[in-house]
Amino acid sequence: MSRGGRLIAVGISGLLVGLALNQSFIPGTSSGTLNGFAPPDAFDILPGWLLASVGPYVVHISRSMSTWFLPSFVRLADLSIFNVWTGHVILALNHHGIADLLADGPKSAEELAEATGTDPQNLFRLLRVAVNAGVFSASNDRTAGGRPVFANNALSTLMQVDHPSAMHAALQTTGLDAAGSWVQLSTSLSSGQVPFHAAYGQSLWEHLSAHPDKEKTFTRSMAASEGGGALSVASQLDCSQYGTLVDVGGASGSLLAEVLDRHSNLHGILFDLPQVSMRSRTTWAQEHPHLINRTQIFGGSFLEPDSIPVIEESECPRPAYLLRFILHDWDTPWALKILRNVRQAMQAGPCHSTATLIIIDQVLKDDFQWELPQKLLMDINMWATVGGQERTLSEWQSLLAEAGFGMPHVQSTQGYNSIITTRLQDQLQKR
């Protein structure tokens, strides 16, 4: 990183710390970790392009600064033990719906315990940890016994069931239901088995199929994968040049609905497994009735040839096929199979000369020492749960070329993911 880049990163780190300190000492507000202060959201005060450029460096510099005065053994324990424990505390509170119970105002641990059928003393202890970590806040008000009452803050509000970010579902699915796969990392490192399979005796997809309630939660959790949910992605996805967008593996269609709302001339095709598509038809009738005339919903499997819908319009409105958070679920052989099936559908349509493939996924830095740790951990999560992987730019280029696509164009977003666009290789060669 250049000297100028480091100076910018240090400056942003100082800005965020300064804002945090300034807010933490405002009378009448939550102050510091003792009262559950959540730092300001950088997306609200800084432009996305700047965050995408220097964000990783800010994280590393801030992390280094925060550990200057800690002994090495404490830093190691913090990374390997205490952070894990804190995560489980937050997952437990999410599972019991504490954020929803606090939606109408502060409550004591005793009131929350009565509503959830849990032990008040242990619930208080969990909330104490969460508040100290900046999730939830503790009010200055006190119960008759002298204990503080608890309230939501910016972070805990995200855990409400109906919050647009769908973080409640994401924490339940990825954090709690799949937690056993992370325990199996050391075993799978030797056996080569996917950790989730080692933990549960079946693949994630088989597990979800056998538990419809978990499959429903998993589908909703996909809306949280881009930080702000479908709205965040849709705001950065320019589809004004396309006539029809096929959302391959689009689950409930949350992203497709947002994109169609933003582009009145665009038509949409939602494609997923038959059981998912059946639920989506009901969802669209209830939540997106104004889009029904511009949307078709099909069931099938992107792993099967001739299953992905072909855009048949002869006027060639420039079709696009979208793979959002799909390819990172699969290792290279399976990812190639999916891409080739998409390529087959694109080539079969009369407008194949203008067809575009859009991929929304992470693009890792080759210089991983300056990568966001969350992105590197997500790579491990893909292996641990489904045997998949995140990819670097060079890996994306190689994968797409082998599947018959041209050199991709990569657009960074405000979240962890990128928008990758490419065309059929044979069409590019004709230009």
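Conventions used here
Residues numbered from 1 in each chain as written. Predicted model: local features only at pLDDT ≥ 70, side-chain atom pairs only at ≥ 80, totals over all residues. Heavy atoms only, no water. Buried < 20%, exposed > 50% of the residue type's maximum accessible area, 1.4 Å probe, protein only. Helix = DSSP H or I, 4+ residues; strand = E, 2+ residues; numbered from the N terminus. Pairing = 2+ DSSP bridges. Core = buried A, V, L, I, M, F, W, Y, C linked by side-chain atoms within 4.5 Å. Right-handed = clockwise from strand over helix to strand, strands pointing away. Salt bridge = Lys/Arg side-chain N within 4 Å of Asp/Glu carboxyl O. Axes fitted to C-alpha atoms, helices over the stretch in contact; angles between N-to-C directions. Contact = heavy atoms within 4.5 Å.

As recorded by an unreviewed UniProt entry, the protein carries the name O-methyltransferase domain-containing protein and is attributed to Apatococcus lobatus.

K.L.:
What should I look at first to understand the pairing of strand β2 (residues 148–151) in this one?
P.N.:
Within a regular strand, the side chains alternate between the two sheet faces. Burial along β2 is two-sided: the face carrying Pro148 and Phe150 and the face carrying Val149 and Ala151 are both buried. Judged from the three bridges that link them, strand β1 (residues 137–142) and β2 form a sheet pairing that is antiparallel. If you follow Ser137 over to β2, its bridge partner there is Ala151.

K.L.:
I keep staring at the nonpolar core and nothing clicks. Help me out?
P.N.:
Nonpolar side chains in soluble globular proteins tend to end up buried together. Core analysis: the largest hydrophobic core is formed by 31 residues, its most contacted members being Phe302, Tyr321, Leu323, Leu339, Leu357 and Ile359. Looking at this core, the elements with two or more residues in it are β3 (244–248), β4 (267–272), β6 (319–324), α18 (332–348), β7 (356–361) and α20 (393–402). Residue contributions to this core peak at seven residues, all from α18. Ranked by size, the runner-up nonpolar core spans 22 residues in total, among them Leu237, Cys239, Leu255 and Ala257.

K.L.:
Looking at this structure, how should I read the pairing of β7?
P.N.:
Among the six residues that make up β7, six are buried, leaving the element largely enclosed by the rest of the structure. Neither face of β7 is exposed, since Thr356, Ile358 and Ile360 on one face and Leu357, Ile359 and Asp361 on the opposite face are all buried. The pairing of β6 with β7 spans five bridges and is parallel. Bridging across to β7, Ala320 finds its partner in Thr356. Handedness of the crossover joining β6 and β7 through α18: right-handed. Where β7 and strand β11 (residues 418–423) come together, six bridges link them in antiparallel fashion. Within the sheet, the bridge partner assigned to Ile359 lies in β11 and is Ile420.

K.L.:
I keep staring at the pattern of salt bridges and nothing clicks. Help me out?
P.N.:
Opposite charge on two side chains makes pairing possible when the charged atoms of those side chains draw close. Across all of its chains, the model carries four salt bridges by this definition. Glu215 is the partner of Arg279 in a salt bridge, and the nearest nitrogen-oxygen pair spans 3.7 Å. One end of the pair, Arg279, is in helix α17 (residues 274–287); the other, Glu215, is in helix α14 (residues 212–221), with 64 residues separating them in the sequence. Residue Arg279 is classed as partly exposed on the basis of its relative accessible area, which comes to 32%. With its nearest N and O atoms 3.9 Å apart, the salt bridge here joins Lys375 to Glu371.

K.L.:
Would you mind going over the sheet that holds β6 with me for this structure?
P.N.:
Neighbouring strands of a sheet are bound in pairs by backbone hydrogen bonds; such pairs are parallel or else antiparallel. Pairing is mixed across the open sheet formed by seven strands, whose spatial order is β5-β4-β3-β6-β7-β11-β10. Strand pairing shows two members of the sheet lacking a second neighbour, β5 (295–299) and β10 (409–412), which therefore form its edges. On average, each strand axis in the sheet is inclined to that of its neighbour by 20 degrees, with strand direction left out of account. Sitting on the sheet, helix α16 (residues 254–262) touches β3, β4, β5, β6 and β7, and the angle it makes with β4 is about 180 degrees. Contacts from α17 reach β4 and β5 within the one sheet, and its direction differs from that of β5 by about 155 degrees.

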